[in-house]
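# Inside the fold
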Amino acid sequence: MRRSYKEMERRFKVYVYGEGEPPMAHDGPCKNIYSIEGRFIQEMENGAERLRTSDGERAHVYFMPFSVTWMVKYLYKPKLHPYDLTPLRQYVADYVKLISLRYPFWNRTNGADHFFVACHDW
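First things first, this report covers the structure right here in the doc. Keep in mind that what you see is a predicted model, and the values were worked out from it rather than measured.

This part covers helix H3 (residues 68–75). Those residues of H3 that sit buried are Val68, Thr69, Trp70, Met71 and Val72. On its buried face, H3 sits against helix H2 (35–47) and helix H4 (86–102). For H3, the capping residue at the N-terminal end is Ser67, with a side-chain oxygen 3.4 Å from the backbone nitrogen of Thr69.

Rendered as structure tokens:
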């Protein structure tokens, strides 16, 4: 088991998109109940050299580094529009549109090899 994990660490590559601006992208909470989201984003941005690649052609998966926690904090307005998730959906749709127009990776699999992290029930 340990050998296969080491082999995965050696071979498996993640491409992290550079699009987006903090705080919504490339940042996340690190001191609340959803902190694993922020820690994961920070690790992929700054610490996962063994897994990360800057060559999208070598990647096995593609990370979209936006924070669902910050999206909820800054975009979701339940007092004004209860249960209206349109701003959150629009942010994700705009992000996907941007990367699908700039890069070939989304279009090869229709996003099946792309992911983001959300550590709550949204």
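Inside soluble globular proteins, nonpolar side chains tend to come together where they are buried. With 21 residues, the main nonpolar core has Tyr15, Tyr17, Met64, Phe66, Tyr91, Tyr95 and Ile99 as its most contacted residues. Among the elements of the structure, H3, H4 and helix H5 (105–109) are those that each provide at least two residues to this core. The leading source of residues in this core is H4, at five residues. Residues within four places of Tyr91 in sequence aside, it is in contact with Met24, Ala25, Phe66, Met71 and Leu75. Counting nine residues, the second-largest nonpolar core is a separate cluster that includes Val14, Val16, Val61 and Val117.

Turning our eyes to something else, we now look at H4. Two residues of an α-helix separated by three or four positions point the same way, owing to the 3.6 residues in each turn. The terminal C-alpha atoms of H4 lie 24 Å apart, and with 17 residues this matches the ideal 24 Å at 1.5 Å per residue to within 8%. For H4, the complete set of buried residues consists of Leu88, Tyr91, Tyr95, Val96, Ile99 and Ser100. Within H4, the buried residues cover an arc of 155° as seen down the axis, which keeps them to one side. H4 presents Arg89, Lys97 and Leu101 as exposed residues on the side facing more than 90 degrees away from its buried surface. Contacts from the buried residues of H4 go to H3, H5 and strand S4 (114–115).

Conventions we followed
Residues numbered from 1 in each chain as written. Predicted model: local features only at pLDDT ≥ 70, side-chain atom pairs only at ≥ 80, totals over all residues. Heavy atoms only, no water. Buried < 20%, exposed > 50% of the residue type's maximum accessible area, 1.4 Å probe, protein only. Helix = DSSP H or I, 4+ residues; strand = E, 2+ residues; numbered from the N terminus. Contact = heavy atoms within 4.5 Å. Polar contact = N/O pair within 3.5 Å; in protein donor to acceptor, adjacent residues only side chain to side chain. Core = buried A, V, L, I, M, F, W, Y, C linked by side-chain atoms within 4.5 Å. Expected span 1.5 Å × (residues − 1). Arc of directions from axis to C-beta.

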